[in-house]
Amino acid sequence: MTKAAAPSLRYRLAVLSRAVAAVVGGYGVAVLLAVAISWLLPLSREEASIVATMVALLGLPVAVMGCFYARTALRAWIGLAIAAAVLAGIAAAMGWRP
């Protein structure tokens with residue numbers, strides 16, 4: 001039986017980058033999704049924040065899966081940056097100020 005070659009350092013760093021993007025970037029996108037949705041909903045503040053948080057909890061796994069679906073780690077980071085910029089823009093257009 002032959003011994004399998006160990007993964008290269010470059011491969012390991014790419015996986016680490018995707019994991020960091022999935023955890024940190026996914027959380028950031030989920031938070032911005034919750035903010036954007038809460039500002040868009042015509043409900044009271046409390047109700048809008050609860051509904052938006054529940055929807056954002058569905059957005060987090062989508063962002064995580066997108067990070068590992070992307071062809072490269074750089075594309076995963078770019079996709080998260082675009083999603084974050086769009087969601088922040090929507091929230092800012094609705095009156096949100098960080």
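Residues numbered from 1 in each chain as written. Predicted model: local features only at pLDDT ≥ 70, side-chain atom pairs only at ≥ 80, totals over all residues. Heavy atoms only, no water.

Student: Explain the overall build of the protein to me, please; I cannot follow it from the model alone.
Tutor: When its secondary structure is counted, the protein shows 3 helices and 0 strands. Listed by position from the N terminus, the elements making up the protein come as α-α-α. By the compact-globule yardstick of 13 Å for 98 residues, the protein is too spread out, its C-alpha radius of gyration being 17 Å. Overall, the C-alpha framework of the protein stretches about 65 × 25 × 20 Å when taken along its three principal axes. When the 98 residues of the protein are sorted by exposure, 26% land in the buried category. (Helix = DSSP H or I, 4+ residues; strand = E, 2+ residues; numbered from the N terminus. Rg over C-alpha atoms; globule rule 2.2 N^0.38 Å. Buried < 20%, exposed > 50% of the residue type's maximum accessible area, 1.4 Å probe, protein only.)

Student: What should I look at first to understand the side chain of R18 in this one?
Tutor: Tracing the backbone shows R18 in helix α1 (residues 9-40). Buried charged residue R18 carries no salt bridge. Nearest counter-charge: E47, at 39 Å. Other than its neighbours up to four places away in sequence, R18 contacts C67, F68, A70, R71, T72 and A73. (Lys, Arg positive; Asp, Glu negative; His and termini not counted. Salt bridge = Lys/Arg side-chain N within 4 Å of Asp/Glu carboxyl O. Contact = heavy atoms within 4.5 Å.)

Student: Help me understand the nonpolar core in this model?
Tutor: In globular proteins that are soluble, nonpolar side chains generally tend to be buried together. One finds V29, C67, L80 and L87 to be the most contacted residues of the largest nonpolar core, which totals 14 residues. Among the secondary structure elements, those contributing two or more residues to this core are α1, α2 (45-69) and α3 (73-93). In terms of residue count, the dominant contributor to this core is α1 (6 residues). (Core = buried A, V, L, I, M, F, W, Y, C linked by side-chain atoms within 4.5 Å.)

Student: Please clarify how a nonpolar patch on the surface should be interpreted in this entry.
Tutor: Among the surface-exposed residues, W39, L40, L74, I78, I82, V86, I90 and M94 lie close enough to one another that they form a single nonpolar patch of about 740 Å² accessible area. Among the elements of the structure, α1 and α3 are those that each provide at least two residues to the nonpolar patch. Looking at the nonpolar patch element by element, the count peaks at 5 residues for α3. Mapped onto the secondary structure, I90 falls in helix α3. Exposure remark for I90: the relative accessible area of 33% places this residue in the partly exposed category. (Patch = residues over 30% accessible without salt bridge, like charges linked within 9 Å, V, L, I, M, F, W, Y side chains within 5 Å. Areas by Shrake-Rupley, 256 points an atom, 1.4 Å probe, with all protein chains shown as cover.)

Student: Quick question: what am I supposed to make of the environment of V29 here?
Tutor: Looking at the secondary structure, you find V29 in helix α1. Those residues in contact with V29 that lie beyond four places of it in its chain are L80, A83, A84 and L87.

Student: I keep staring at α2 and nothing clicks. Help me out?
Tutor: Count 3.6 residues to each turn of an α-helix, and residues three or four apart come out pointing the same way. For α2, with 25 residues, the first-to-last C-alpha span of 35 Å sits near the 36 Å given by 1.5 Å per residue. For α2, every residue scored as buried is listed here: A48, A52, A56, G59, A63 and C67. In this fold, the buried residues of α2 make contact with α1 and α3. (Expected span 1.5 Å × (residues − 1).)

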